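The lines below spell out each chain.
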Amino acid sequence: MALAVGMRVLTRALLRPWARGLRAAPGRTGPAAGGGDGVRCFRSPRVLVEPDPAAGVAVVKMRNPPVNSLSLEFLTELLISLEKLENDKTFHGIIITSDCPGIFSAGLDLTEMCGRDPEHYAEYWKAVQEMWLRFYLSNLVVIAAINGISPAGGCLLSLTCDYRVLANNPKYAIGLNETLLGIVAPFWFKDTLVNTIGHRSAERALQLGLLFPPAEALRVGVVDQVVPEDQVQSTARSVMAQWLDIPDHARQLTKILMRKPTADRLLTERDADIENFVRFICKDSIQKSLHAYLEKLKQKKG
Ligand SMILES: CCCCC/C=C\C/C=C\CCC/C=C/C(=O)SCCNC(=O)CCNC(=O)[C@H](O)C(C)(C)COP(=O)(O)OP(=O)(O)OC[C@H]1O[C@@H](n2cnc3c(N)ncnc32)[C@H](O)[C@@H]1OP(=O)(O)O
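Sequence order as written defines the numbering, with residues in each chain counted from 1. Selection of residues for local features in this predicted model requires a pLDDT of at least 70, selection of side-chain atom pairs for listing and counting requires 80 or more, and totals for whole chains, interfaces and linings are taken over all residues.

Let us now look at unusual backbone geometry. Omega for the bond connecting Pro-65 with Pro-66 falls within 30 degrees of zero, at 10°, which places this linkage in the cis form. Relative to the helices and strands, Pro-66 resides in the loop between β5 (57–62) and α2 (72–87). Backbone geometry at Asn-68 places phi at a positive 55°, although glycine is not the residue there. Tracing the backbone shows Asn-68 in the loop between β5 and α2. Put plainly, a residue is buried at 20 or more neighbouring C-beta atoms within 10 Å of its own, exposed at 12 or fewer, and partly exposed in between, counting only other residues' C-beta atoms, which are placed from the backbone. Looking at Asn-68, the number of C-beta atoms within 10 Å reads 27, which means it is buried. In this structure, Ala-152 is a non-glycine residue whose phi angle is positive, near 45°. Secondary structure is summarised from DSSP: a helix means a run of H or I of at least four residues, a strand means a run of E of at least two, and numbering begins at the N terminus for each. Mapped onto the fold, Ala-152 is located in the loop between β9 (148–151) and α4 (153–159).

Given a rise of 1.5 Å per residue, 16 residues ought to cover 22 Å, and the 23 Å separating the end C-alpha atoms of α2 matches this to within 8%. Of the residues making up α2, those classed as buried are Phe-74, Leu-75, Thr-76, Glu-77, Leu-78, Leu-79, Ile-80, Ser-81, Leu-82 and Leu-85. On its buried face, α2 is in contact with β3 (43–44), β4 (47–52), β5, β6 (93–98) and α3 (118–136). In this analysis, the expected span of each helix is defined as 1.5 Å times one less than the number of residues it contains. By the convention adopted here, residues are in contact when the distance between their C-beta atoms, placed from the backbone, does not exceed 7 Å.

Moving on, we come to the packing of α3 against helix α9 (residues 248–268). Only the stretch in contact is used when fitting a helix axis, every axis being a line fitted to C-alpha atoms; angles between N-to-C directions are given from 0 to 180 degrees. Look at α3 against α9: their axes get within 11 Å of each other, and the N-to-C directions meet at 160°. Here α9 runs roughly antiparallel to α3, going by the angle between their axes. Between α3 and α9 lies a crossing of left-handed hand. Residue-level inspection shows Gln-129, Leu-133 and Tyr-136 of α3 in contact with α9, the latter providing Arg-259, Ala-263 and Leu-266. When residues are grouped by polarity, Ala, Val, Leu, Ile, Met, Phe, Trp, Tyr, Cys and Pro land in nonpolar, Asp, Glu, Lys and Arg in charged, and all others, Gly among them, in polar. Of the residues contributing to the contact of α3 with α9, the split by class is 4 nonpolar, 1 polar and 1 charged. Should an angle fall under 35 degrees it is called roughly parallel, over 145 degrees roughly antiparallel, and 65 to 115 degrees roughly perpendicular, with every other angle called oblique. By definition, any crossing whose near helix is turned counterclockwise from its far helix by less than a right angle is left-handed, and any crossing with a clockwise turn is right-handed.

Across the sheet, 3 strands lie side by side as β7-β9-β11; this open sheet has parallel pairing. Each having just a single partner strand, β7 (102–103) and β11 (174–175) make up the two edges of the open sheet. The pairing of β9 with β11 spans 2 bridges and is classified as parallel. The residue of β11 that forms the bridge with Ser-150 is Ile-174. Any two strands between which DSSP finds at least two bridges are classified as paired.

Here we take up the environment of Cys-155. Here Cys-155 is to be found in helix α4. By the C-beta count within 10 Å, which is 33 here, Cys-155 ends up buried. Residues Cys-155 and Phe-212 lie 57 residues apart in sequence; the distance between their C-alpha atoms is 10 Å.

Okay, here's the thing in structure tokens:
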């Protein structure tokens, strides 16, 4: 008993620095509907939360069609959903997945980084940082059930999770492909990949902008498991049960021990990182590359 209380105090002390200043901004979430068992169901236009209170797990479904691009509004809604779940003692784990067929997330929303003013770029980048910090340091067990393609920011979101299950579909691929767009993955994207697959594999993947199909993703370690498409959710649920069997405080402290140095680096350089991003993204050459890339995506159809 005394040990459990001591662990709780220690956990709070360790988590406190991240809790401060990391609260999600108020957004457009809909009213929480009370469930019959007292557990709240969270609704927002782009995030669907399906709670399973008996298991202590909630499934968070991203539904920002057509491609779940991480727009400012979508990021805000995701963060608010995460915060609500973290603040509800019913939940110990979340499974993040997509409600858009064939696409987990197309990554950062290119329209947020093109043809806007520097203030907008700064606001957007702060939200991207926030998403990374909040998911990376979440006290919940976070499992990605990756049921679609997951480039760049979509891959980053998966990499913040504790475990990744990818559907075995040859159309799906995952990786940090920024260089293919003529842009550079920031140091904290790079650090997260290095922590997951090691320095050499990360260097090669980042320079070449590799998008790994399922078998390759598993071999290099970008994902932990590849399963038939119809088993992605059930696999995520059974992996979650294993993780939830571990005493929560011990697991949370271990997660923080493993991730703190990486998160600290961004926390201490957060403003400089925003300035760097704004300077980089405002360059004519970068704007031209991004415009050309967006045009190519649009013309693909016609
Ligand atoms: C040393 C100095 C260092 C300094 C460093 C400082 C700062 C670093 C600077 C920048 C870092 C930025 C990091 C960026 C991270 C990112 O995530 S960038 C986004 C990367 N994403 C992609 O490359 C994916 C692009 N999309 C696709 O490949 C495809 O859309 C698809 C996901 C495979 C889906 O294909 P399909 O189903 O065929 O759908 P469409 O291509 O037709 O797309 C439908 C519409 O969606 C629009 N769209 C697609 N992706 C995005 C996106 N990421 N953002 C916004 N919009 C997107 C697409 O244009 C279509 O729109 P329309 O319907 O035509 O209007």
